[in-house]
Amino acid sequence: MEIRSATIDDAESIAEIYNHEAVKQSTVFDLRPRTLEEQRQWLKERSGAHSVIVAEEFGEILGFAALSPFRSRPAYSTTVECSVFVRRDRHREGIGRALLSQIIEHARRHGFHCLISRIGDDNIASVKLHEACGFWVVGIEREVGRKFGRWLNVTVMQRLL
Ligand SMILES: CC(C)(COP(=O)(O)OP(=O)(O)OC[C@H]1O[C@@H](n2cnc3c(N)ncnc32)[C@H](O)[C@@H]1OP(=O)(O)O)[C@@H](O)C(=O)NCCC(=O)NCCS
């Protein structure tokens, strides 16, 4: 497996992984799938310090991780929000840990001081993965989302670099 920077050509594979979560799971708060154009735009908005990496094996994308702007006000510019997704049929193979570790290093290299992850719906796998990579829980936003007829919490996790 290779981890590399994402290119615009990865948009379709990334959308496929993301859209499974959007449509079938409550891990993300989108209610409809992203179009290919939206996914391309999302990728274009993330280059340089805010960036996307993918895990690839034999030409197939197994997962991705991203660094996104945290807040628009300038004093937040040393903080970045991260996210990580792995194809459902390849969970528990170490791909999430490899991606998150590498995106943390990317954030460190680009001089960010603080990483934030916002984890939807008491998602134990993601909370445990983040704990394994040095994040800790800083709070729970209760019932801030609603999907599939249920209220959803968001667990906020943080790591300082
Ligand atoms: C969260 C997610 C990225 C984890 O990816 P993964 O490749 O399955 O995780 P890894 O195999 O690298 O696991 C690394 C560590 O995370 C923890 N972990 C992962 N899945 C877990 C689970 N289901 N239950 C408990 N701990 C888990 C463990 O500590 C694990 O280490 P171990 O295997 O040595 O015990 C994956 O479950 C996923 O894509 N979920 C859907 C999308 C999502 O929720 N993304 C997070 C949004 S921020």
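Residues numbered from 1 in each chain as written. Predicted model: local features only at pLDDT ≥ 70, side-chain atom pairs only at ≥ 80, totals over all residues. Heavy atoms only, no water.

Student: What's the story with the packing of helix H3 (residues 95–109) against helix H4 (residues 124–132) in this structure? I'm lost.
Tutor: A pair of packed helices can be characterised by two numbers: the angle between their axes and the separation between those axes. Relative to each other, H3 and H4 sit at 50°, their axes nearing to 10 Å. Relative to H4, the element H3 lies oblique. The element H3 and its partner H4 pack so that their crossing is right-handed. Where H3 abuts H4, its residues Gly96, Arg97 and Leu100 lie against Leu129, His130 and Ala132. Among the residues making up the contact of H3 with H4, the classes are represented as three nonpolar, two polar and one charged. (Axes fitted to C-alpha atoms, helices over the stretch in contact; angles between N-to-C directions. Helix = DSSP H or I, 4+ residues; strand = E, 2+ residues; numbered from the N terminus. Parallel < 35°, antiparallel > 145°, perpendicular 65-115°, else oblique. Left-handed = near helix turned anticlockwise from the far one by under 90°. Contact = heavy atoms within 4.5 Å. Nonpolar A, V, L, I, M, F, W, Y, C, P; charged D, E, K, R; others polar.)

Student: Looking at this structure, I do not really get the site of the ligand. What am I missing?
Tutor: Within the structure, the ligand sits among 18 residues, and Val84, Arg92, Gly96, Arg97 and Asn123 are positioned closest to it. Residue Val86 places a main-chain N or O atom 2.8 Å away from an oxygen atom belonging to the ligand. Contacts to the ligand include His91, whose side-chain N or O atom sits 3.4 Å from an oxygen atom. Bound to the protein, the ligand loses 79% of the 920 Å² it would expose on its own. (Near = heavy atom within 4 Å. Polar contact = N/O pair within 3.5 Å; in protein donor to acceptor, adjacent residues only side chain to side chain. Areas by Shrake-Rupley, 256 points an atom, 1.4 Å probe, with all protein chains shown as cover.)

Student: Help me understand H3 in this model?
Tutor: Each α-helix turn comprises 3.6 residues. Residues three or four places apart therefore point the same way. Taking 1.5 Å of rise per residue, 15 residues should cover 21 Å, and H3 covers 21 Å from first to last C-alpha, within 8% of that figure. Trailing H3 by a residue or two, Gly111 shows a phi angle of about 85°, which is positive. (Expected span 1.5 Å × (residues − 1).)

Student: Honestly, the side chain of Ser117 in this entry has me stumped. Any pointers?
Tutor: Take Ser117: it is sitting in strand E5 (residues 114–120). Since its relative accessible area comes to 1%, Ser117 is described here as buried. Separated by 3.2 Å, the side chain of Ser117 and the backbone oxygen of Cys82 make a polar contact. Aside from chain neighbours lying at most four places away, what touches Ser117 is Cys82, His130, Phe135, Thr155, Val156 and Met157. (Buried < 20%, exposed > 50% of the residue type's maximum accessible area, 1.4 Å probe, protein only.)

Student: Quick question: what am I supposed to make of the pattern of salt bridges here?
Tutor: Opposite charge on two side chains permits pairing when their charged atoms draw close. Under the criterion given, the structure shown has 14 salt bridges. A salt bridge links Arg4 to Asp10; the shortest N-O distance between them is 2.9 Å. Each of Arg4, Asp10 and Glu56 takes part in salt bridges that share partners, so that together they form one network. (Salt bridge = Lys/Arg side-chain N within 4 Å of Asp/Glu carboxyl O.)

Student: How should I be thinking about the packing of helix H1 (residues 11–24) against helix H2 (residues 36–44) in this particular structure?
Tutor: In the contact formed by H1 and H2, the axes pass within 9 Å of each other and the chain directions differ by 105°. Considering the angle they form, H1 stands roughly perpendicular to H2. Between H1 and H2, the residues in contact are Ala11, Glu12, Ile14, Ala15 and Tyr18 and Leu36, Gln39, Arg40, Trp42 and Leu43, respectively. Among the residues making up the contact of H1 with H2, the classes are represented as seven nonpolar, one polar and two charged.

Student: I keep staring at the sheet that holds strand E2 (residues 52–57) and nothing clicks. Help me out?
Tutor: Sheet architecture is open: seven strands sit in the order E1-E2-E3-E4-E5-E7-E6, paired in mixed fashion. At either end of the open sheet lies a strand with only one pairing partner, and these are strand E1 (2–5) and strand E6 (136–147). For this sheet, the mean angle separating the axes of adjacent strands, direction not counted, is 25°. Pairing of strand E3 (residues 60–69) with strand E4 (residues 79–86) involves seven bridges; the strand directions are antiparallel. (Pairing = 2+ DSSP bridges.)

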